[in-house]
Amino acid sequence: DAGVTQSPTHLIKTRGQQVTLRCSPKSGHDTVSWYQQALGQGPQFIFQYYEEEERQRGNFPDRFSGHQFPNYSSELNVNALLLGDSALYLCASSSSNEQFFGPGTRLTVL
Amino acid sequence: QKEVEQDPGPLSVPEGAIVSLNCTYSNSAFQYFMWYRQYSRKGPELLMYTYSSGNKEDGRFTAQVDKSSKYISLFIRDSQPSDSATYLCAMSSTDSWGKLQFGAGTQVVVTP
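Caption draft 1: Representation of the sheet that holds strand β8 (residues 74-78) of chain A in the model. Residues and elements named next belong to chain A. The 4 strands are arranged β1-β3-β8-β7 in an open sheet whose pairing can be described as antiparallel. If you trace the sheet from one side to the other, it starts and ends with β1 (5-7) and β7 (64-68), each paired once. For this sheet the average axis-to-axis angle between neighbouring strands, irrespective of direction, equals 20°. Sheet analysis places β1 next to strand β3 (residues 19-24), joined by 3 bridges and oriented antiparallel. Counted as the bridge partner of T5 is S24 from β3.

Structure follows, in structure tokens:
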């Protein structure tokens, strides 16, 4: 059984560009959450999707948006990239309160 | 003040020693408590999950929650060099149970 998968592994963008990150949850999981982890920090909650709706949102600007598909996979979109958006972006899936994380996408903004 | 405080370390212990990690928090609504292990440049791996106060043991790992003191702990017995990683505590409340609040993580180094 594959765990949570994310793509791409690494990404380099320049300021002002837009990026889309993808996540496939564990089999049987219907909820996907996205987190941003800056170097040396704990993950920060961005938002959570359930039944294709955004259920909760953290303290992130509207430049961060997402989507969940009928097969429970999810995308994170970030517009107008800033240097400060450079981080490890983590996807977590769950069917209860236990969240299981993917390997992350490392985004570098130049 | 952050909602979840965790000493960043590094915490260096000899192989075979007990590793003791802890977090304090300020939000009394937190009911769900987790410990994750994160190796360098990898995603966090769930180690322990507890609900409300009490102790939970799983192999070499023991998690403790003291809600009256707003303090949680993780103990690792018989530590191995492969336990060298960053350990993150995380917690959430009933009304925001999917929104995990993490500590900054403690780096642990187990030396042979």
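Caption draft 2: View of the pattern of salt bridges. Applying the stated criterion to the full structure yields 6 salt bridges over all chains. A salt bridge links D85(A) to R63(A), with the shortest nitrogen-to-oxygen separation between them at 2.8 Å. Linking D85(A) in the loop between β8 and β9 (87-94) with R63(A) in the loop between β6 (53-57) and β7, this pair joins segments that are 22 residues apart in sequence. The pair D85(A) / R63(A) is uniform in exposure class, with both members buried. For R60(B), the salt bridge identified is with D83(B), shortest N-O distance 2.9 Å. Pair noted here: R60(B) is in the loop between β6 (54-58) and β7 (61-66) and D83(B) is in the loop between β8 (71-76) and β9 (85-93), with a separation of 23 residues, a long-range link. Using a relative accessible area of 27% as the deciding quantity, one classes R60(B) as partly exposed.

Caption draft 3: Representation of the layout of surface pockets within the structure. The space that makes up the largest pocket amounts to roughly 420 Å³. What lines the largest pocket is a set of 21 residues, among which Q37(A), L39(A), G40(A), Q38(B) and T86(B) lie closest to the centre. Looking at the lining of the largest pocket element by element, the count peaks at 3 residues for β9(B). Space inside the second largest pocket adds up to approximately 150 Å³. In this structure, the second largest pocket is lined by Q36(A), P43(A), Q44(A), F45(A), G58(A), N59(A), F60(A), K99(B), L100(B), Q101(B) and F102(B).

Caption draft 4: Main features of the sheet that holds strand β1 (residues 4-6) of chain B. Residues and elements named next belong to chain B. One open sheet accounts for 5 strands, arranged β1-β3-β8-β7-β6; its pairing is antiparallel. Every interior strand has two partners, whereas the edge strands, β1 and β6, have only one. For this sheet, the mean angle separating the axes of adjacent strands, direction not counted, is 15°. Sheet analysis places β1 next to strand β3 (residues 19-25), joined by 3 bridges and oriented antiparallel. Opposite E5, over in β3, you have T24 as the bridge partner.

Caption draft 5: How the structure looks around the state of the cysteines. Residues and elements named next belong to chain A. Applying the stated criterion across every chain, the model contains 2 disulfides over all chains. Between the sulfur atoms of C23 and its disulfide mate C91 the distance is 1.8 Å. Because the torsion about its S-S bond is -55°, the bridge between C23 and C91 counts as left-handed. In this pair, C23 sits in strand β3 while C91 sits in strand β9, placing the two residues 68 residues apart along the sequence. Grouping residues by exposure puts C23 and C91 together as buried.

Cut-off values and rules
- Residues numbered from 1 in each chain as written.
- Chains lettered and ligands numbered in written order.
- Predicted model: local features only at pLDDT ≥ 70, side-chain atom pairs only at ≥ 80, totals over all residues.
- Heavy atoms only, no water.
- Pairing = 2+ DSSP bridges.
- Helix = DSSP H or I, 4+ residues; strand = E, 2+ residues; numbered from the N terminus.
- Axes fitted to C-alpha atoms, helices over the stretch in contact; angles between N-to-C directions.
- Salt bridge = Lys/Arg side-chain N within 4 Å of Asp/Glu carboxyl O.
- Buried < 20%, exposed > 50% of the residue type's maximum accessible area, 1.4 Å probe, protein only.
- 1 Å grid on protein atoms, 1.4 Å probe; cavity = no way out; pocket = protein on both sides within 12 Å on 5 of 7 lines; lining within 4 Å.
- Points joined across faces, edges and corners; volume = space filled by probe spheres on them.
- Disulfide = S-S within 2.5 Å.

Everything listed here is a matter of geometry and, on its own, says nothing about what the molecule does.
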